[in-house]
Amino acid sequence: MTIAVLGAGGTVGSRVVAEAVARGHRVLALSRKPTSEHPDVTPVPVDARDPDAVRAALADFGADTVVVSVRTDPVDEDFLLGTTRTVLDAAARLGARVLVIGGAGALRSPGAPGLLVADDPARVPPQWRPVAAAGVAQLRACRAHAHTDWVYLSPPALLEPGVRTARYRRGTDTLLTTADGRSWISTEDLAVAALDELENPGDERHITVVHAEEE
C-alpha cells in the first residue's frame, strides 16, 4: 500500500512510519520538517494547520490510506477537528481509507457502559479533561462526516515509547486493562496494531488495544 501519515514526525506518527516501512509499504511522511533517507519513504513538507496544503499534498501524491496522528500541546480542539475533517474530505475524493489515531477519552469506562472515560473523574484528572474531551469531539466529527471509510483507534489510558513486542489485545469501544489492572501500551505496539488494522480491516469503526503479556 501507499500510506500517507499526517504527523509523521511525532511520537506516534514516526512509529507508524517505521512499522509500515518494515512491512514493505510505501510511505508519504507528511509533517512540517520531514526527513528520511529510506527509499520507501517520501518526505512531504506540509503544515497540518494549512488545510489547502494538506489537501494538495494528498491529491498530488495519492494514497491508499491516510493515517491521522496529530497532537498539540496545549490541546487545540479546533485544530484537531479541522484537520480531521480536511483529511476526510480529501480521502473521500481519493477513495482512500482513513485511520485516525485518537484518544482514550472517547472510550467507554469499564463497568459503566453509559460513562465515557473523558467524563470519568476516577480515570481522567481535571488537568487532562480538555485533552480527553478533544478526542471525544474528534470521534464525533468522524461519525458526522459523509466519508464512511474510516476507523478510529483509541489507545489505552497510558501510551508511551517502549519496546515493540507485537503483543496486544484488541477491543472495540470500551477501555481495556491488563491482568494487573493497568491500561497501557507502547507506541511501538500501537503502531503494530495500526498496521494490522490497515492490512486486515475489521468491521468496527471504533477500536482500541492494550498490551498483552506473553503466554
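Structural notes, computed from the coordinates. Predicted, not measured: the structure shown is a model, and the values here were computed from it.

**Structural notes on the overall build of the chain**
When you go through the chain residue by residue, the secondary structure sums to 5 helices and 12 strands. In the chain, the proportion of contacts linking residues at least 24 apart, taken out of those at least 6 apart, comes to 70%.

**Points about the sheet that holds strand 10 (residues 168-171)**
With mixed pairing, the 8 strands of this open sheet are ordered in space as 3-2-1-4-5-8-12-10. Each edge of the open sheet is held by one strand with a lone partner, namely strand 3 (41-45) and strand 10. Direction aside, the axes of adjacent strands within the sheet are offset by 20° on average. Where strand 4 (residues 65-68) meets strand 5 (residues 97-101), 4 bridges bridge the pair, whose relative direction is parallel. The partner of V67 across the bridge, within strand 5, is L99. In the packing of helix 2 (residues 51-61) onto the sheet, the strands contacted are strand 1 (2-6), strand 2 (26-31), strand 3 and strand 4, and the crossing angle to strand 2 comes to about 165°. On the sheet, helix 4 (residues 129-144) packs against strand 5, strand 8 (150-154) and strand 12 (206-211) and is oriented at approximately 165° with respect to strand 8.

**Considering the nonpolar core**
Membership of the largest hydrophobic core comes to 38 residues, with the highest contact counts inside it found for L6, L30 and V98. Secondary-structure elements contributing two or more residues to this core are strand 1, strand 2, helix 2, strand 4, helix 3 (77-94), strand 5, helix 4 and strand 8. Once residues within four sequence positions are removed from consideration, V98 is found in contact with V66, V68, V87, L88, A91, H147, D149, W150 and V151. Core analysis: the second largest hydrophobic core is formed by 25 residues, V27, I185, L190 and V209 among them.

**Considerations on helix 3**
For helix 3, which comprises 18 residues, the first-to-last C-alpha distance of 26 Å matches the rise-based estimate of 26 Å (1.5 Å per residue) to within 8%. Listed as buried for helix 3 are F79, L80, L81, T83, T84, T86, V87, L88, A90 and A91. Tucked inside the fold, the buried residues of helix 3 contact strand 1, helix 2, strand 4, strand 5, helix 4 and strand 8. In the segment just after helix 3, G95 is the residue with positive phi, at about 75°.

**Here we look at a nonpolar patch on the surface**
A cluster of nonpolar side chains, namely V75, W128 and V131, defines an oily patch on the protein surface of about 270 Å² accessible area. Relative to the helices and strands, W128 resides in the loop between strand 7 (112-116) and helix 4.

**Some words on the side chain of S109**
Looking at where S109 falls in the secondary structure, it is placed in strand 6 (residues 108-109). Within the local environment of S109, its side chain forms a polar contact with the side chain of D120, the two groups lying 2.5 Å apart. Engagement of the side chain of S109 in a polar contact is seen with the side chain of R123, the distance being 3.4 Å. Beyond its immediate stretch of four places on either side in the chain, S109 contacts L115, L116, V117, D120, R123 and T174.

**Focus on the pattern of salt bridges**
Oppositely charged side chains are able to pair whenever their charged atoms sit close together. Summed over the entire model, instances satisfying the criterion amount to 14 salt bridges. Taking the shortest distance from any N to any O, the salt bridge between R23 and E19 comes out at 2.8 Å. A relative accessible area of 26% means that R23 is categorised as partly exposed. The class of E19 is buried, set by a relative accessible area of 6%. Between D149 and R97 there is a salt bridge, and its shortest N-O distance comes to 3.3 Å. Highlighted residues: D149 in the loop between helix 4 and strand 8 and R97 in strand 5, separated in sequence by 52 residues. Residue classification places D149 among the partly exposed positions, given a relative accessible area of 33%. What makes R97 buried here is its relative accessible area of 11%. Among the charged side chains, a salt-bridge network with shared partners connects E19, R23, R164, D196 and E199.

Thresholds applied
Residues numbered from 1 in each chain as written. Predicted model: local features only at pLDDT ≥ 70, side-chain atom pairs only at ≥ 80, totals over all residues. Heavy atoms only, no water. Helix = DSSP H or I, 4+ residues; strand = E, 2+ residues; numbered from the N terminus. Contact = heavy atoms within 4.5 Å. Pairing = 2+ DSSP bridges. Axes fitted to C-alpha atoms, helices over the stretch in contact; angles between N-to-C directions. Core = buried A, V, L, I, M, F, W, Y, C linked by side-chain atoms within 4.5 Å. Buried < 20%, exposed > 50% of the residue type's maximum accessible area, 1.4 Å probe, protein only. Expected span 1.5 Å × (residues − 1). Patch = residues over 30% accessible without salt bridge, like charges linked within 9 Å, V, L, I, M, F, W, Y side chains within 5 Å. Areas by Shrake-Rupley, 256 points an atom, 1.4 Å probe, with all protein chains shown as cover. Salt bridge = Lys/Arg side-chain N within 4 Å of Asp/Glu carboxyl O. Polar contact = N/O pair within 3.5 Å; in protein donor to acceptor, adjacent residues only side chain to side chain.

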